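Survey of secondary and tertiary structure
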Amino acid sequence: LNKIDEGFATLQKALEINPNNVQALHNLALINARHDHFDVAVPLWQRVLAVNPDDPDALVGLGEILMKQGKLDEALSFFNKVIAKDDKNAQAIYLAGKTIAQNRPVDAIPYLERAALLSDSPDAWYDLGLARMFANEWRLAGQALTQAMKLAPDDYRVYFELGKVHFEMKRY
């Protein structure tokens, strides 16, 4: 068996011993969600929530899947539930902003800015830059994208968007 198969077998064994082993459910849900096996991940997250209805990881995990499936209002309700209990949960704040940005980029700016400041995540800075570009806030977009570039110097998307900012600001 390879390491991944061994890991799955260990998690399955843990669930045979204790079907409510939240850590095993978490790990299996995360693995399946990361591989876009949402049909497997969703019931696992739901089992976590049956044991602990306020589990922030499960709420964020389900919300992220719903966001990827285009169920934006449902996704946002999961993120907001987490944020209501922990207003410093950078992942929930970031994903709420990313969800809002799909239809209302300008309205997402406060969420993305807060998430970027809390986590210093290159993705949060990048998405903040995109939202600021949509709002025609070119200087602020440039600052956000520059921060994303510092944190993820190999991300070509950042350079592409930063090029657009420089063009709009006539810095060429």
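Preceding this paragraph is the structure being described.
This section reports on the structure supplied with the text. (Residues numbered from 1 in each chain as written. Predicted model: local features only at pLDDT ≥ 70, side-chain atom pairs only at ≥ 80, totals over all residues. Heavy atoms only, no water.)

Considering the overall build of the protein
Along the protein, the regular secondary structure elements total 10 helices and 0 strands. When the helices and strands of the protein are listed from N to C terminus, the series reads α-α-α-α-α-α-α-α-α-α. On the principal axes, the C-alpha backbone points of the protein span a range of 65 × 40 × 25 Å. Counting all 172 residues of the protein, 41% fall into the buried class. Within the protein, contacts between residues at least 6 apart in sequence are counted, and of these 38% link residues at least 24 apart. (Helix = DSSP H or I, 4+ residues; strand = E, 2+ residues; numbered from the N terminus. Buried < 20%, exposed > 50% of the residue type's maximum accessible area, 1.4 Å probe, protein only. Contact = heavy atoms within 4.5 Å.)

Here we look at the side chain of Asp155
Assignment of secondary structure puts Asp155 in the loop between helix H9 (138-151) and helix H10 (156-168). Under the relative-accessibility criterion, Asp155 is labelled buried at 16%. Of the polar contacts made by the side chain of Asp155, one reaches the side chain of Arg157; its length is 2.7 Å. (Polar contact = N/O pair within 3.5 Å; in protein donor to acceptor, adjacent residues only side chain to side chain.)

A word on the pattern of salt bridges
Applying the stated criterion to the full structure yields 10 salt bridges. With a closest N to O distance of 3.3 Å, Lys98 and Asp127 form a salt bridge. One end of the pair, Lys98, is in helix H6 (residues 90-101); the other, Asp127, is in helix H8 (residues 122-134), with 29 residues separating them in the sequence. Since its relative accessible area comes to 29%, Lys98 is described here as partly exposed. On the accessibility criterion, Asp127 (11% relative accessible area) is buried. One salt bridge connects Arg132 with Glu137, and the closest N-O pair in it is separated by 2.4 Å. The buried category is assigned to Arg132, whose relative accessible area is 8%. In the salt-bridge network here, residues are joined through shared partners; they are Asp54, Lys81 and Lys85. (Salt bridge = Lys/Arg side-chain N within 4 Å of Asp/Glu carboxyl O.)

Just geometry here; none of it tells us what the structure is for.
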